[in-house]
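Working through the structure, step by step
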Amino acid sequence: MAVPPTEPTSSPTPSLAPPSSSRAGARVTRRGLIGAAGAIAAGAALTPVAPADTSAEAATAETASTADAAAPEPGTTSETFPSTRAQTATGEAPVEAAFPIGYVGVRWTGTREATGGRIRLIDADGGKGAWMPLSDGGCSDSNGGALLIPVDRASGYALRAPDGATELRSLAVDTTRGPAREVAVPQDTTRVRGVAYLTRAAWGADEKLRFRSDGAEISPQTYHPFQTLTVHHTATANGDPDPAATVRALYHVHTITNDWGDIGYHFLIDEAGQIYEGRYSGESATPAHDEGGKLVTAFHVLSFNPGNLGIALLGTLTKQGPTAAARDALTTLLRSMVRMHGVDPESKVTYTSPTTGRTREVYEIGGHRDWMATECPGAVMHGELGALRKAVATG
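Residues numbered from 1 in each chain as written. Predicted model: local features only at pLDDT ≥ 70, side-chain atom pairs only at ≥ 80, totals over all residues. Heavy atoms only, no water.

Some remarks on the nonpolar core
In this structure, Ile-269, Leu-330 and Leu-388 are the most contacted members of the largest nonpolar core, which totals 27 residues. Within the residue set of this core, elements represented by two or more residues are β10 (195-197), β12 (228-233), β13 (267-269), β16 (308-313), α5 (324-341) and α7 (385-394). Here this core takes 7 residues from α5, the largest share from any one element. Every residue in contact with Ile-269, bar those within four places of it in the chain, is listed here: Gln-274, Ile-275, Ile-311, Ala-312, Leu-313, Leu-314, Ala-326, Ala-329, Leu-330 and Leu-333. One finds Tyr-103, Leu-148, Leu-171 and Ala-312 within the second-largest nonpolar core, a separate group that totals 24 residues. (Core = buried A, V, L, I, M, F, W, Y, C linked by side-chain atoms within 4.5 Å. Buried < 20%, exposed > 50% of the residue type's maximum accessible area, 1.4 Å probe, protein only. Helix = DSSP H or I, 4+ residues; strand = E, 2+ residues; numbered from the N terminus. Contact = heavy atoms within 4.5 Å.)

Right under this line is the structure:
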């Protein structure tokens with residue numbers, strides 16, 4: 001999981017009705033069209049996300065149904081999607097959710113390590129499973145760690161904090177079985193410089209999460225000239241049966257729990273090689289950029305975010321590399337981005353933050369751990385970056 005922005009925003013309160021200037025409500029734009037067939041082929045259960053406050057779920061579902069029930073615009077079809085449900089908790093006390101849990105997001109401060117951390121699942125009959133260690137492959141921030149753990153319909157869970165950890169927080173998330181709503185799904189495939197990808201609408205991003213109850217955007221977009229690219233892994237499960245659901249869970253954790261106002265990466269790639277649009281960037285024809293070609297600032301390398309394009313591979317790549325399909329998709333996407341910006345993928349550059357003035361000598365294409373102390377993008381993936389840079393340059 002990614003790291004916090006340089007200047008964290010205040011605590012968000014999701015809005016049920018963002019202003020009309022946003023892309024919520026399945027507004028169709030030149031870049032907002034994506035093939036529903038392509039999403040299904042990618043294993044994407046196209047489900048939108050809902051606010052974390054489970055007490056508001058019924059109202060949210062009713063509002064969403066009313067808002068999305070209008071006749072589909074030309075180039076779209078109407079589909080039924082479940083909303084995301086979420087429930088927050090703090091500390092180590094056992095948690096029981098009012099819905100089958102698909103994922104548990106865990107976050108803590110005080111240490112980057114997960115050593116000593118454990119989770120135990122509780123089934124519908126109250127049976128308690130064995131204590132399982134927390135993965136040590138997560139992406140950490142400057143003073144803590146974070147994980148997203150698939151739990152396959154658990155009814156509850158209990159946690160033990162990692163050794164030395166403080167401020168343990170968790171989030172129970174269901175991204176596949178929530179209340180249904182009707183949404184207009186675009187039909188045509190969307191491409192960035194010839195590379196096919198799923199738009200935010202196609203993987204189920206609920207744009208309402210990016211807004212406060214008064215309609216103000218939590219993290220308004222800022223744009224800076226492109227400088228470099230950074231590869232991540234999400235430290236989630238390998239062999240993921242529903243990667244789009246995992247993307248929606250990451251979106252909810254990043255947007256609400258981490259208080260970033262959006263998902264932290266510019267793009268994500270699953271094991272089948274499907275590319276997902278990440279951070280919202282406005283109505284430009286090119287995802288992650290404005291009309292002038294500047295990069296929207298995301299939240300993936302702490303104080304080195306502006307001008308730094310982040311791509312995350314779904315899965316944990318500490319002991320294994322990416323699948324061939326994911327590697328090919330990453331190579332193709334990186335090649336399209338370096339050609340767009342006219343940079344040498346094998347060069348070293350001096351990154352200079354336009355907001356803080358901090359500098360760092362890095363490769364044009366690097367890994368998360370090149371910026372800070374973290375396992376990300378995993379030991380095996382980081383060891384492949386040299387070959388990746390060469391493949392991007394010679395393709």
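And the narrative resumes.
Examining empty space enclosed by the protein
Scanning the entire structure with this criterion turns up 2 cavities of 30 Å³ or more. By volume, the largest cavity amounts to about 60 Å³. Around the largest cavity, the lining residues are Asn-238, Ile-269, Asp-270, Glu-271, Leu-313, Leu-314, Leu-317, Gln-320, Gly-321, Pro-322, Thr-323 and Ala-326. Looking at side-chain class alone, the lining of the largest cavity contains 6 nonpolar, 4 polar and 2 charged residues. (1 Å grid on protein atoms, 1.4 Å probe; cavity = no way out; pocket = protein on both sides within 12 Å on 5 of 7 lines; lining within 4 Å. Points joined across faces, edges and corners; volume = space filled by probe spheres on them. Nonpolar A, V, L, I, M, F, W, Y, C, P; charged D, E, K, R; others polar.)

Considering unusual backbone geometry
Glycine aside, a negative phi is what most residues show, and trans is what most peptide bonds show. The linkage connecting Cys-376 with the following residue, Pro-377, adopts the cis geometry, with an omega of 10°. Inspection of the secondary structure puts Pro-377 in the loop between β19 (365-367) and α6 (379-383). In this structure, Asp-152 is a non-glycine residue whose phi angle is positive, near 55°. Summarising the element assignment, Asp-152 is placed in strand β6 (residues 144-160).

Points about the confidence of the model for the chain
Looking at the chain, pLDDT values average 83 and 80% of them are 70 or higher. Low pLDDT (under 50) marks residues 1-69, which in the prediction has 211 contacts with non-local residues, meaning those over four places away or in another chain. (pLDDT = per-residue confidence, 0-100.)

Remarks on helix α4 (residues 243-257)
Here α4 is 15 residues long and its end C-alpha atoms lie 20 Å apart, about the 21 Å a rise of 1.5 Å per residue gives. Taken across its 15 residues, α4 has 15 buried, putting it largely inside the fold. Looking one or two places after α4, you find Asp-259, whose phi comes out positive at around 65°. (Expected span 1.5 Å × (residues − 1).)

What about α5?
Across its 18 residues, α5 extends 26 Å between first and last C-alpha, which sits within 8% of the 26 Å expected from 1.5 Å per residue. Just past α5, the residue Gly-342 takes up positive phi, approximately 65°.

Quick notes on the pairing of strand β18 (residues 359-363)
Taken together, the 5 bridges between strand β17 (residues 348-352) and β18 define a ladder with antiparallel strand orientation. If you follow Tyr-351 over to β18, its bridge partner there is Arg-360. Connecting β17 to the next strand, β18, in antiparallel fashion are 6 residues, including Gly-357 with a positive phi near 85°. (Pairing = 2+ DSSP bridges.)

A word on the sheet that holds β16
Taken together, the 5 strands give an open sheet; going across it, the order is β14-β13-β16-β12-β19, and neighbouring strands pair in mixed fashion. The open sheet is flanked by β14 (275-277) and β19, the only strands paired with a single partner. Pairwise comparison of adjacent strand axes, ignoring direction, gives a mean angle of 25° for this sheet. Bridge analysis of β13 against β14 gives 3 bridges, and the strand direction is antiparallel. Bridging across to β14, Ile-269 finds its partner in Ile-275. (Axes fitted to C-alpha atoms, helices over the stretch in contact; angles between N-to-C directions.)

Topic: the pattern of salt bridges
Under the criterion given, the structure shown has 11 salt bridges. Ionic pairing is found between Arg-85 and Asp-174, a salt bridge with its closest N-O pair at 2.6 Å. Taken together, the residues span a long stretch of sequence, with Arg-85 in strand β2 (residues 85-90) and Asp-174 in strand β7 (residues 166-174) at a distance of 89 residues. Via salt bridges that share partners, Arg-200, Glu-207, Arg-210, Glu-217, Asp-262 and Arg-279 belong to a single interconnected network. (Salt bridge = Lys/Arg side-chain N within 4 Å of Asp/Glu carboxyl O.)

Re the environment of Gly-273
With respect to the element layout, Gly-273 can be found in the loop between β13 and β14. Each C-alpha atom, one on Gly-273 and one on Leu-330, is 7.8 Å from the other, the two residues being 57 residues apart in sequence. Ignoring anything within four residues of it in the chain, the contact list for Gly-273 reads Ala-325, Ala-326 and Ala-329.

Describing the sheet that holds strand β4 (residues 118-122)
Reading across from one edge, β2-β7-β3-β6-β4-β5 is the order of the 6 strands in this open sheet, with antiparallel pairing throughout. A single partner strand is all that each edge strand has here, and the edge strands are β2 and β5 (132-133). Summarising the sheet, β4 and β5 pair through 2 bridges and their orientation is antiparallel. By the bridge assignment, Arg-118 is partnered in β5 with Pro-133. Those strands touched by α4 are β2, β3 (95-109), β6 and β7, and its axis lies near 140° from that of β7.

Description of the packing of α5 against α7
Put simply, α5 and α7 touch, their axes get as near as 9 Å, and they point 60° apart. In terms of orientation, α5 and α7 fall into the oblique class. Note that α5 runs across α7; the crossing there is right-handed. For the pair formed by α5 and α7, the contact residues are Leu-330, Thr-331, Leu-334, Arg-335 and Val-338 on the first element and Leu-388, Ala-391 and Val-392 on the second. Residues of the contact of α5 with α7, tallied by class, amount to 6 nonpolar, 1 polar and 1 charged. (Parallel < 35°, antiparallel > 145°, perpendicular 65-115°, else oblique. Left-handed = near helix turned anticlockwise from the far one by under 90°.)

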